[in-house]
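In case you want the letters, here they are:
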Amino acid sequence: MYKLQVNNKVLFSLFFVSVALVLFSSSVIVFPNQAIAAGKFTIDPKINLKKLNNPQKLKVVAYSTGQNKTKYLTGNDLNSNTATVSFQFNQKNDLVTAVHRDEYFVCAYDLNPQTNEMKSYSCIEGNLENPSGKNRVNIGSGPVVTLSSGPFKPVNGAEIKNPTIVVWIENLAGKKHLKDIKAVAMIKGEFKSKIIDARKMLEKSKDNIIKVPLLFDKTPEIGPIKKGDFLFACVSANVLKPVEGTECEHRETSHTGNIHNIVARHD
């Protein structure tokens, strides 16, 4: 009788472990050298530190599918020639579902550890290659090209006080069932966003262009905004498909005035 009780306990334990493994496997997608929860994807920047002079603190920001993320790297994170960071995003939210070729961006800022002010930056815009897994991207290396600012570089322009980034959204007139769109702007590691009723705004527009002003009325934590700072603007919504549910554009600030226009969607 004792042996039978022991065997029953063992069988019950094995059954419990089997059920737990099944439940775990149903909630996790396993890829080579990685495990990502179902309904998630990651953007994984590999940051080249070779041209930085003894970096001690980095601020890294990322945006995709209507979601923005921020992480800081310090200490042992920066002890080699490269640093890596992983940002996890939901594949789906109330506005948009991630698909292949959706656009995203990542920026890394080298900071003075005492003052927390930016010494230099590097940014890159990319396209999702794996909207259900890992998306690797290199930053801080290579030449200045259309989608990359190239190696880390400083910004020495004059200060821009209280800038408004105006996000332009074009070519929506033919879209059926037009509704909410999220407009986002990022500069100097700070994000501003607004969800708009695109149908109502388009009806009021005289040129079929929606313009969303986003005011940056506070000094960023890594120092004042200056002429030459890199800015991004993105729009996210399923209605923007079939090509991309998230579209982004970028440029450097070119003047010290208050209004800075950027066309986030023009297809």
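Refer to the structure presented above.
Conventions used here
Throughout this description, residue numbers start from 1 for each chain and increase along the sequence as written. At least 70 in pLDDT is required for a residue's local features to be given in this predicted model, at least 80 for side-chain atom pairs to be given and counted, and no such filter applies to totals for whole chains, interfaces and linings, which use all residues. As a convention, hydrogens and water are excluded, and side-chain values are obtained from all of the structure's heavy atoms. Within this scheme, the nonpolar core is defined by two criteria: the residues are buried Ala, Val, Leu, Ile, Met, Phe, Trp, Tyr or Cys, and they are joined through side-chain atoms within 4.5 Å. Partly exposed describes any residue whose relative accessible area lies between the buried limit of under 20% and the exposed limit of over 50%, with all areas from a 1.4 Å probe on protein chains only and scaled to the type maximum. For helices the rule is a DSSP run of H or I covering at least 4 residues; for strands it is a run of E covering at least 2, with both sets numbered from the N terminus onward. Throughout, a residue-residue contact means that at least one pair of heavy atoms, one from each residue, lies within 4.5 Å. When two rings of Phe, Tyr or Trp (its six-membered ring) have centres within 6.5 Å they constitute a pair, described as stacked for plane angles under 30 degrees, edge-to-face for angles over 60, and tilted for the intermediate range. Whether a charge sits over a ring depends on NZ of Lys or CZ of Arg being within 6 Å of the ring centre and within 35 degrees of the ring normal. Think of it this way: DSSP has to see at least two bridges between two strands before they count as a pair. Inter-axis angles, ranging from 0 to 180 degrees, are taken between N-to-C directions of lines fitted to C-alpha atoms, where helices are fitted over the stretch in contact.

Draft legend 1. Looking closely at the nonpolar core. Residues Val-167 and Ile-181 are the most contacted members of the largest nonpolar core, which totals 26 residues. Mapped onto this core, the elements with two or more residues apiece are strand 11 (164-169), strand 12 (180-187), helix 2 (198-204), strand 14 (210-215), strand 15 (230-236) and strand 17 (259-265). Broken down by element, this core gets its largest block of residues, 4 residues, from strand 12. In contact with Ile-181, other than residues within four places in its own chain, are Ile-169, Leu-172, Lys-194, Ile-195, Ile-196, Ala-198, Val-235, Ser-236, Ala-237, Val-239 and Leu-240. In terms of nonpolar packing, the next biggest core, distinct from the first, is built from 23 residues, Phe-87, Phe-89, Tyr-104 and Val-106 among them.

Draft legend 2. Local environment of the packing of aromatic side chains. Enumeration according to the criterion identifies 6 aromatic pairs in this entry. One aromatic cluster is present, built from ring pairs that chain together Tyr-63, Phe-105, Tyr-121, Phe-191, Phe-230 and Phe-232. Positioned over the ring face of Phe-87 is Lys-71, at 5.6 Å from the centre of the ring.

Draft legend 3. Looking closely at the sheet that holds strand 8 (residues 103-111). Across the sheet, which stays open at both edges, the 4 strands sit in the order 5-4-8-9 with antiparallel pairing between neighbours. A strand with exactly one partner marks an edge of an open sheet, and here the two such strands are strand 5 (67-74) and strand 9 (118-127). For this sheet, the mean inter-axis angle between neighbouring strands, taken without regard to orientation, is 15°. Judged from the 9 bridges that link them, strand 8 and strand 9 form a sheet pairing that is antiparallel. Across the sheet, Asp-110 pairs through a bridge with Ser-120, a residue of strand 9.

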